[in-house]
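# Descriptive analysis of the structure
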Amino acid sequence: MGRIVFHIDQNCYFASVEMISHPEYKNVPMAVAGDEEKRHGIILAKNELASKAGVKTAEAIWEAKRKCPDLITVPSHYDLYVSISGKLKAMYTEYTDQVESFGIDECWLDMTDYCRDKDPVMVADEIRSRVRNEFSLTCSVGVSFNKVFAKLGSDYKKPDATTYISEENYKDIVWPLPVSDLLFAGKKSTSKLSEINVRTIGDLANADKEYLSDYLGKAGIMLWQYANGLDDSPVARADYERELKSINNSTTTPEDMTNPEQVYGTLHGLCSGTAARLRRRGLEAGGIALYVRDRDLNKYEHQRGLLIPTDSGKDLFEAAKVLFDESYDWHAPIRSIGIKCSKLTKAGSGSQISLFEVQEETERGKKINDAIDKINSRYGSGTIKSLAELSGMADYDRDPLRKEGGTKK
Ligand SMILES: [Mg+2]
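Just so you know, these numbers come straight off a predicted model, no measurement behind them.

Looking now at the sheet that holds strand β10 (residues 283-294). If you walk across this open sheet you meet the four strands as β9-β12-β10-β11, and the pairing is antiparallel. The sheet terminates laterally at β9 (247-257) and β11 (299-310), the two strands that pair on one side only. The sheet shows a mean angle of 15° between the axes of neighbouring strands, taken without regard to direction. Judged from the eight bridges that link them, β10 and β11 form a sheet pairing that is antiparallel.

Turning our eyes to something else, we now look at helix α12 (residues 260-280). Helix length check: α12 (21 residues) gives 30 Å between terminal C-alpha atoms against 30 Å at 1.5 Å per residue, within 8%. Every buried residue of α12 is listed here: Val263, Tyr264, Thr266, Leu267, Leu270, Cys271, Thr274, Ala275, Ala276, Leu278 and Arg279.

At this site the magnesium ion is bound by Asp9 (OD), Gln10 (O) and Asp105 (OD), with donor distances of 2.2 to 2.4 Å. All donors to the magnesium ion come from one chain, and their sequence spacing reads D-Q-x94-D. Grouping residues by exposure puts aspartate 9 and glutamine 10 together as buried.

Within the secondary structure layout, glutamate 134 lies in helix α5 (residues 120-135). Among the residues examined, glutamate 134 registers a relative accessible area of 46% and is labelled partly exposed. When the C-alpha atoms of glutamate 134 and leucine 88 are compared, they prove to be 9.4 Å apart, with 46 residues separating the residues in sequence.

Here the structure, examined in full by the defined rule, presents 17 aromatic pairs. Residues tyrosine 95 and tyrosine 114 carry aromatic rings whose centres are separated by 5.0 Å and whose planes lie at 75° to one another, so their mutual orientation is edge-to-face. With a gap of 19 residues between them, tyrosine 95 in the loop between α4 (78-92) and β5 (99-101) and tyrosine 114 in the loop between β6 (106-110) and α5 connect regions that are remote in the sequence. Since its relative accessible area comes to 8%, tyrosine 95 is described here as buried. A relative accessible area of 25% places tyrosine 114 in the partly exposed class. Counting every residue linked through ring pairs, the aromatic cluster contains Tyr264, Tyr300, Phe324, Tyr328 and Trp330. It is lysine 147 that lies over the ring of tryptophan 108; its NZ or CZ is 4.7 Å from the centre.

Right, let's talk about empty space enclosed by the protein for a bit. Under the counting rule described, the total for this entry stands at one cavity of 30 Å³ or more. The volume enclosed by the largest cavity comes to roughly 50 Å³. Residue lining of the largest cavity: Ile8, Gln10, Ser85, Leu88, Lys89, Tyr92, Ile104, Asp105, Glu106 and Cys107, and that is the complete set. Here the lining of the largest cavity is composed, by residue class, of five nonpolar, two polar and three charged.

This model, assessed by the stated rule, comprises 16 salt bridges. The residue lysine 147 makes a salt bridge to glutamate 100 at a minimum N-O spacing of 2.9 Å. Taken as a pair, lysine 147 in helix α6 (residues 147-156) and glutamate 100 in strand β5 lie far apart in primary sequence, 47 residues in all. In this structure, a network of salt bridges that share partners links the residues Asp125, Arg128, Arg132 and Asp160.

Within the largest apolar cluster, 34 residues are counted, with the highest numbers of intra-cluster contacts made by Phe6, Tyr13, Tyr92, Leu109, Met111 and Ile127. Elements with a contribution of two residues or more to this core: β1 (5-10), α1 (13-21), β2 (30-33), α4, β6, α5 and β7 (139-144). Apart from residues lying up to four places away in sequence, isoleucine 127 is in contact with Phe6, Ile8, Met91, Tyr92, Tyr95, Leu109 and Met111.

Averaged over the chain, the pLDDT score is 84; the fraction of residues at 70 or greater is 82%. For residues 350-361, every residue scores under 50 in pLDDT, and the model assigns this stretch nine contacts once sequence neighbours within four places are set aside. Note on residues 382-409: pLDDT is under 50 here. Beyond four places in sequence and across chains, it has 23 contacts.

Within β7, six of the six residues are buried, which leaves it mostly tucked inside the rest of the structure. Across six bridges, β1 lies against β7 in antiparallel orientation. When the sheet's bridge partners are listed, glutamine 10 is paired in β7 with cysteine 139. With four bridges joining them, β7 and strand β8 (residues 162-165) adopt parallel strand pairing. Each residue of the ladder has a partner; that of glycine 142, found in β8, is threonine 163. Chirality of the crossover, the property in question, places the unit of β7, α6 and β8 among those that are left-handed.

Another point: the side chain of asparagine 146. Counting through the fold element by element, asparagine 146 comes out in the loop between β7 and α6. From its side chain, asparagine 146 meets the backbone nitrogen of phenylalanine 149 in a polar contact 2.8 Å long. If near-sequence neighbours (up to four positions away) are discounted, asparagine 146 is found in contact with Arg3, Val5, Gly229, Leu230 and Asp231.

The subject of this paragraph is the environment of lysine 245. Secondary-structure assignment places lysine 245 in the loop between α11 (218-227) and β9. Sequence spacing of lysine 245 and serine 342 is 97 residues, and the spatial spacing of their C-alpha atoms is 6.2 Å.

Cut-offs applied
Residues numbered from 1 in each chain as written. Predicted model: local features only at pLDDT ≥ 70, side-chain atom pairs only at ≥ 80, totals over all residues. Heavy atoms only, no water. Pairing = 2+ DSSP bridges. Helix = DSSP H or I, 4+ residues; strand = E, 2+ residues; numbered from the N terminus. Axes fitted to C-alpha atoms, helices over the stretch in contact; angles between N-to-C directions. Expected span 1.5 Å × (residues − 1). Buried < 20%, exposed > 50% of the residue type's maximum accessible area, 1.4 Å probe, protein only. Donors = N, O, S within 2.8 Å, 3.2 Å for Na, K, Ca; no water. Phe/Tyr/Trp six-rings, centres within 6.5 Å; stacked < 30°, edge-to-face > 60°. Lys NZ or Arg CZ within 6 Å of the ring centre and 35° of its normal. 1 Å grid on protein atoms, 1.4 Å probe; cavity = no way out; pocket = protein on both sides within 12 Å on 5 of 7 lines; lining within 4 Å. Points joined across faces, edges and corners; volume = space filled by probe spheres on them. Nonpolar A, V, L, I, M, F, W, Y, C, P; charged D, E, K, R; others polar. Salt bridge = Lys/Arg side-chain N within 4 Å of Asp/Glu carboxyl O. Core = buried A, V, L, I, M, F, W, Y, C linked by side-chain atoms within 4.5 Å. Contact = heavy atoms within 4.5 Å. pLDDT = per-residue confidence, 0-100. Right-handed = clockwise from strand over helix to strand, strands pointing away. Polar contact = N/O pair within 3.5 Å; in protein donor to acceptor, adjacent residues only side chain to side chain.

This is the structure:
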């Protein structure tokens, strides 16, 4: 017998979580939205009634309200969404220790062992009813023999439904669907495929593999395999999530940035925040990437490795600044900017610095950064922004002569 993989997708997750504490939202069109003032005024999630009124995720609040004048918008409570997501996944680990998250509200479960002597559809239905009864939420479950079709199954019928895509029925269920329904079939591949009349997943499955490879490269082969049910990628273990691959931090500024100083200031904040997250997790980054989106929403990306893995905001900032200077030509103002730290290793494990001085310097930097984290977490992030400012204070505290002088008196 092949594998049994579930993909569980929470329905209208953010909006549904809001409806747990505010049942009155169930009977009105409601959306979770970003901050209008700060230009994050977009719809992040919506309930069924808002969906029916045509409200779309990622559209501007004003656009949504034009379609649906009684739309109630509520601010997001991200910490709460994360916490409930953790509890859901903890419940799933009662069935298998292979629970792989895909975003905050989706995950795959390898249920092969658990379903060895059970009907997988009944097990999926049981999980759905537990999600309903224990969490007051609903989810859709795709049951299949690989991750790609399981994912497709959870999209196929919702809310609160189970779809079983088997080796026997996948050609009937999956093949008539548009290529864009396939995991990792992006806009680019989809539109290139439609140029050669490959529009459904069935078209893709029956296309010539060599031709697709020439036409789309590796992505062509991958998509062809997916369309044919050939996906043997394993479901990661539940504890795998803790091994973070990267940490991202990005921001859209209230006004477009038009000069390097604005960009440096923004980058400084992003790097300090990212460094604090690295330190909280005891990690260091060995690589950094910079993402820039200009006013016309064109995206630019540039990355490099770091000589010595670091968790210092100052190091990250210096690297990010170089990346920016190297890659952006100021053809247009900048709307948003972000960094991604990758090649994460446990703090101290990656850096093999033997020079005493360098080590001491790094230690000192760490203490200063720890102090910044503490102050910012107590008084609110951003209380201390400038590393240079604080290093003066830290030097004062750490100067042994000064301290001795004080006590000897
Ligand atoms: Mg969802």
